[in-house]
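Coordinates in review
In case you want the letters, here they are:
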Amino acid sequence: MKLKQRVVLLAILLVIFIFTKVFLIDNLDTSAANREDQRAFHRMMTGLRVELVPKLDHTLQSPWEIAAQWVVPREVYPEETPELGAIMHAMATKKIIKADVGYKGTQLKALLILEGGQKVVFKPKRILGFRRAPLVVGRFVNLRTEIKPVATEQLLSTFLTVGNNTCFYGKCYYCRETEPACADGDTMEGSVTLWLPDVWPLQKHRHPWGRTYREGKLARWEYDESYCDAVKKTSPYDSGPRLLDIIDTAVFDYLIGNADRHHYESFQDDEGASMLILLDNAKSFGNPSLDERSILAPLYQCCIIRVSTWNRLNYLKNGVLKSALKSALAHDPISPVLSDFHLDAVDQRLLNVLATIKQCTDQFGMDTVLVEDRMPLSHL
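Remember, predicted model here, so these are calculated numbers, not experimental data.

Re helix H10 (residues 307-315)
Burial within H10 is extensive, with 9 of its 9 residues counted as buried. Among the residues of H10, those classed as buried are Val 307, Ser 308, Thr 309, Trp 310, Asn 311, Arg 312, Leu 313, Asn 314 and Tyr 315.

What follows is the structure, given as structure tokens:
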């Protein structure tokens with residue numbers, strides 16, 4: 001499958017995953033409660049259709065100032081965001097005034113400064129983001145007219161021409177001159193990710209269910225089914241919301257097919273109270289036919305999950321997730337983003353997640369498995 005068809009628009013998946021209200025729809029039920037559920041569904045679908053509009057009529061603040069004020073310890077943007085369309089429009093259209101190589105990492109990226117001084121990260125044909133991650137939107141960039149005139153020498157030195165296409169390979173661990181990212185002529189399809197405000201510095205953590213990436217060497221969780229008991233005794237997983245965040249993330253990664261969650265970020269000096277921020281979901285939406293169940297290890301080894309997450313997952317079954325994704329993706333500048341094969345795969349994986357939770361509840365009971373969102377976990 002072409003890379004263009006594998007674009008990762010994670011912003012939308014967890015907009016749905018986090019935004020969705022707690023409703024369980026039974027199509028056979030004609031009660032008043034069910035009718036209200038149906039109305040709530042239509043309201044959600046309407047809310048997901050974020051149109052990129054240029055105006056902020058009700059405020060004199062810039063879109064960048066509004067987005068910076070949204071950030072709090074447990075979310076990067078709030079549930080009610082009337083300015084969202086204008087901010088994403090600015091991300092997709094504002095003039096690029098400076099371009100440099102991206103921050104260190106394994107994948108190709110460029111650091112751009114947009115008009116108004118806002119930093120964004122440009123990634124060729126990849127998108128991520130949700131309420132626990134910075135806002136992301138698709139964007140077409142002309143490398144010759146928009147990037148090269150404002151590029152630093154360091155970035156400019158990585159540009160080359162392949163046939164009739166403008167290309168660059170940047171600076172990163174896997175970046176090679178022999179494997180550049182190439183535009184279609186001069187125009188490159190990609191994503192821009194909003195840089196978090198500098199007042200919220202990040203701290204990097206090793207994921208407790210990370211893989212070894214060594215031939216023939218397994219991580220402890222891969223052979224020790226009681227591994228979660230050890231995790232629960234170590235900070236910051238022995239109390240607070242972090243372990244529940246890890247399990248939410250495992251569900252999310254399984255839905256999108258991302259088996260590469262070896263590290264994660266949180267805000268610094270948070271003592272385990274702030275959210276797990278996901279900033280690297282690039283290895284997602286690869287083979288829609290491959291389901292890597294080991295991604296769910298935090299869920300099936302710990303057998304706990306937030307009540308709200310369980311309710312949302314139930315609400316999104318029976319094709320609701322696929323419909324919501326298609327609706328939410330429709331207004332992105334690089335739409336279509338996901339193929340029907342990937343949309344079908346996400347729906348099927350959702351059923352597998354619910355089946356895994358049922359196995360836990362059958363074994364341990366609902367009261368043990370379903371945990372209130374903010375419940376301290378030191379007793380587990």
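Observations concerning the packing of aromatic side chains
Within the structure shown, the criterion is met by 3 aromatic pairs. Between Phe 159 and Phe 168 the ring centres are 5.5 Å apart and the planes differ by 20°, which places this aromatic pair in the stacked class. Taken individually, Phe 159 and Phe 168 each receive the classification buried, so the pair is uniform in this respect. Relative to Phe 267, the ring of Trp 200 has its centre 4.6 Å away and its plane inclined at 45°; by these criteria the two rings are tilted.

Brief notes about the pairing of strand S3 (residues 118-124)
Counted residue by residue, S3 has 6 buried out of 7 residues, so it is predominantly covered. Pairing between strand S2 (residues 110-114) and S3: 5 bridges, direction antiparallel. Within S3, the position partnered with Leu 111 by the bridge is Val 121. With 5 bridges joining them, S3 and strand S8 (residues 187-194) adopt antiparallel strand pairing. Looking at the pairing, Lys 123 lines up with Ser 191 of S8.

Considering unusual backbone geometry
Going from Ser 235 to Pro 236, the amide bond is cis rather than trans, its omega being 5°. Tracing the backbone through its elements, the reader meets Pro 236 in the loop between helix H7 (227-231) and helix H8 (242-256). Positioned with a positive phi, Tyr 213 is a non-glycine residue whose angle comes to about 60°. Within the secondary structure, Tyr 213 sits in the loop between strand S9 (202-206) and H7. Unusually for a residue other than glycine, Cys 303 sits at a positive phi of about 50°. With respect to the element layout, Cys 303 can be found in the loop between helix H9 (297-302) and strand S11 (305-306).

Some points on the pattern of salt bridges
Within the structure shown, the criterion is met by 10 salt bridges. The residue Arg 306 makes a salt bridge to Asp 245 at a minimum N-O spacing of 2.9 Å. With a gap of 61 residues between them, Arg 306 in strand S11 and Asp 245 in helix H8 connect regions that are remote in the sequence. An identical accessibility class is assigned to Arg 306 and Asp 245; each is buried. With its nearest N and O atoms 2.6 Å apart, the salt bridge here joins Lys 322 to Asp 344. Here Asp 344 lies in helix H12 (residues 340-364) and Lys 322 lies in helix H11 (residues 320-329), a separation of 22 residues in the sequence.

Calculation notes
Residues numbered from 1 in each chain as written. Predicted model: local features only at pLDDT ≥ 70, side-chain atom pairs only at ≥ 80, totals over all residues. Heavy atoms only, no water. Buried < 20%, exposed > 50% of the residue type's maximum accessible area, 1.4 Å probe, protein only. Helix = DSSP H or I, 4+ residues; strand = E, 2+ residues; numbered from the N terminus. Phe/Tyr/Trp six-rings, centres within 6.5 Å; stacked < 30°, edge-to-face > 60°. Pairing = 2+ DSSP bridges. Salt bridge = Lys/Arg side-chain N within 4 Å of Asp/Glu carboxyl O.

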